[in-house]
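Each chain is listed here by its residues.
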Amino acid sequence: MSADPITIHAIINGEKAPAEKNFPRENPAHPDEIVGYAPINTKDEAIRAIDSAFDAFKEWRKSEVDDRLRRMERAIQKIKDRTPEIAELLSREHGKALWDSEGEIAVSIMWMEYACSVLKEVISDEIKEHENGRTIITYDPVGVVSAITPWNYPISLSTIKVAPALLTGNTMVLKPSPFAPLAVSRVIEIIASEFPPGVLNLVHGEADVGVELTSNPKVAKIAFTGGTKTAKSIMKAAAETIKKMTLELGGNDAAIVLPGFDVHDPKAMRRMVISNFLTSGQICMIAKRIYVHQSIYDAFVEKYIEAANKWIKVGDPFNPEVTVGPVNNQNQVKYVKSLVEGAEGKGAKVIKLGKIMNPELMDNGYFLQPTLVLGADPHDPIVVEEQFGPTVPIIPFKDTDQVIALHNESIYGLTSSVWGDEEQAVEVARRIEAGTTMINTAAIQGLDVRFPFGGVKQSGVGREYGKEGLKSYVETHVINIPKSLDLPYIPE
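Residues numbered from 1 in each chain as written. Predicted model: local features only at pLDDT ≥ 70, side-chain atom pairs only at ≥ 80, totals over all residues. Heavy atoms only, no water.

**Some details on the pattern of salt bridges**
Our working definition: Salt bridges are defined as contacts in which a side-chain nitrogen from Lys or Arg sits within 4 Å of a carboxyl oxygen from Asp or Glu. The buried label goes to any residue with under 20% of its type's maximum accessible area, the exposed label to any with over 50%, and the partly exposed label to all in between, with areas taken from a 1.4 Å probe on protein chains only.
As enumerated under the stated definition, the model contains 25 salt bridges in all. The salt bridge involving Arg134 is made with Glu129; its shortest N-O contact spans 3.9 Å. The partly exposed category is assigned to Arg134, whose relative accessible area is 31%. The partner of Arg186 in a salt bridge is Glu189, and the shortest N-O contact between them spans 3.3 Å.

Below you can see the structure in the form of structure tokens.
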């Protein structure tokens, strides 16, 4: 499926701002096709967007909660109405299957609606009468928020920031990834149109724009999803003015399969396969390494291959039978290939999985056939690094202590999963260092937007989703009114 290229623009102070230069975004399945053009904004344009948000905050912070809710609810309805158009654009620029794009929009809407439903509960004043007097706790907006979002789930990882920020009375400047800038810009345009000028601004661009968004003294908070290396630079840039931060970073999420896991359960094996290869493995919370108890290792591998070959169908995202599309960009293709080839060069066995639906596309697009890697050393790069692509190693383990040690020695701790008897799985989960652990499922299949999400160690700072995700965009302000205004032990 192809269409004429679109051109998107920055949004500054409620107006589209044409740029002097634009960059193309190709279709990963058909790289010769240009899906659209996005602006290369300048540092000065980033400053204008921040200034716009800073000025708008003066009035927006005083807005009525009901007004904020009405505006967000109108935006949500417009996104719902335009889901087919937005999903098609997302699949063309990103490479994910059309049903996967529709699912991303559905999760985004689910979160935005939940945020609206609990807003008053989360930010309403608390008034406490007690023996020492009265205390009022208010939840005040932080100020201007800079949001920098990645390419793998560009819409959901933007709305996860936009909704709570605006609903709690903040203003925002958002910068999407250049590898998926189009569909998310359409969504931001929709939301921005429902709010006063300057409340939600959109810029694109290169490193100088990112530096401005993370160092400008008018920015009070940074909300970033992306790589740990970039996050370290952001923290340094933000240190000068001690900005607040929510950072959701990389992970090397493990699936631990206990002896009691039923390898003959086809639904469980299907869940496992999906948790490895959904969105071509390009999800921060995907299961990227599988540890299987040695007593069931051989049977697990056999049934895993069987399930993978049944579910994985590689091809064009608009083929309704396809479950795995191309990788998003050429650099990611090269990186994943290097990990697989490196493991194979050290003696690991690489098994190709699934069915190729469009053989003619494989050499032209950014396609990688999903692979299973057996026999890799537990400390090989393909095991300890985040592959972010369609490959997964399976490693046997002897006992619980060993596998927990292997899991926890990672510098990351975003999500994890434990598979087997529920009670035993929960006991193992309690010993795992991770922000979220799922039982007998993994990745998006185990995500619940009503509960906080984020990582430990070098997988992040703070939490998104849930009520905690809303509270990360407010300052707690305590107003104390004591009965006794003087301290009793101060002499006259």
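**Looking at the sheet that holds strand E13 (residues 254–257)**
To keep things clear, this is the line we draw: Strands were regarded as paired on the criterion that DSSP finds at least two bridges between them. Secondary structure elements follow DSSP: runs of H or I no shorter than four residues count as helices, runs of E no shorter than two count as strands, and numbering proceeds from the N terminus. Axis definition: a line fit to C-alpha positions, over the contact stretch in the case of helices; interaxial angles, taken between N-to-C directions, run 0 to 180 degrees. By definition in these notes, contact holds between two residues if any of their heavy atoms fall within 4.5 Å.
Spatial strand order, E16-E18-E19-E14-E13-E20-E21: seven strands in an open sheet with mixed pairing. Each edge of the open sheet carries a strand with a single partner, namely strand E16 (349–352) and strand E21 (436–439). In this sheet, adjacent strand axes meet at a mean angle of 20 degrees when their direction is disregarded. Where strand E14 (residues 289–293) and strand E19 (residues 391–397) come together, four bridges link them in parallel fashion. Its bridge partner being in E19, Val292 is matched across the sheet by Pro396. Packing of helix H15 (residues 422–429) onto the sheet brings it into contact with strand E20 (415–419) and E21, and relative to E21 it is tilted by some 165 degrees.

**Quick look at the packing of helix H9 (residues 266–277) against helix H10 (residues 297–311)**
Cut-off, in case you're wondering: Roughly parallel here means an angle under 35 degrees, roughly antiparallel means over 145, roughly perpendicular means 65 to 115, and every remaining angle is called oblique. Take the far helix as your reference; a near helix turned counterclockwise from it by less than a right angle gives a left-handed crossing, and one turned clockwise gives a right-handed crossing.
Relative orientation of the contacting elements H9 and H10 amounts to 70 degrees, with a least axis distance of 9 Å. With respect to their mutual orientation, H9 and H10 come out roughly perpendicular. Seen from above, H9 lies across H10 with right-handed handedness. Counted together, Met269, Arg270, Met272, Val273, Ile274, Asn276 and Phe277 of H9 and Phe300, Lys303, Tyr304, Ala307, Ala308 and Trp311 of H10 form the full contact between these two elements.

**Overview of the sheet that holds strand E7 (residues 133–141)**
The three strands are arranged E6-E7-E23 in an open sheet whose pairing can be described as antiparallel. In this open sheet, the two edge strands, each paired with only one partner strand, are strand E6 (126–130) and strand E23 (474–482). Geometrically, the sheet is characterised by an average inter-axis angle of 15 degrees between neighbouring strands, direction not taken into account. Where E6 meets E7, five bridges bridge the pair, whose relative direction is antiparallel.

**A short note on unusual backbone geometry**
Phi at Ala443 is positive, roughly 60 degrees, even though this residue is not glycine. Here Ala443 lies in the loop between E21 and strand E22 (460–461). Of note in this structure, Lys457 is not a glycine but carries a positive phi near 55 degrees. In this fold, Lys457 is placed in the loop between E21 and E22.

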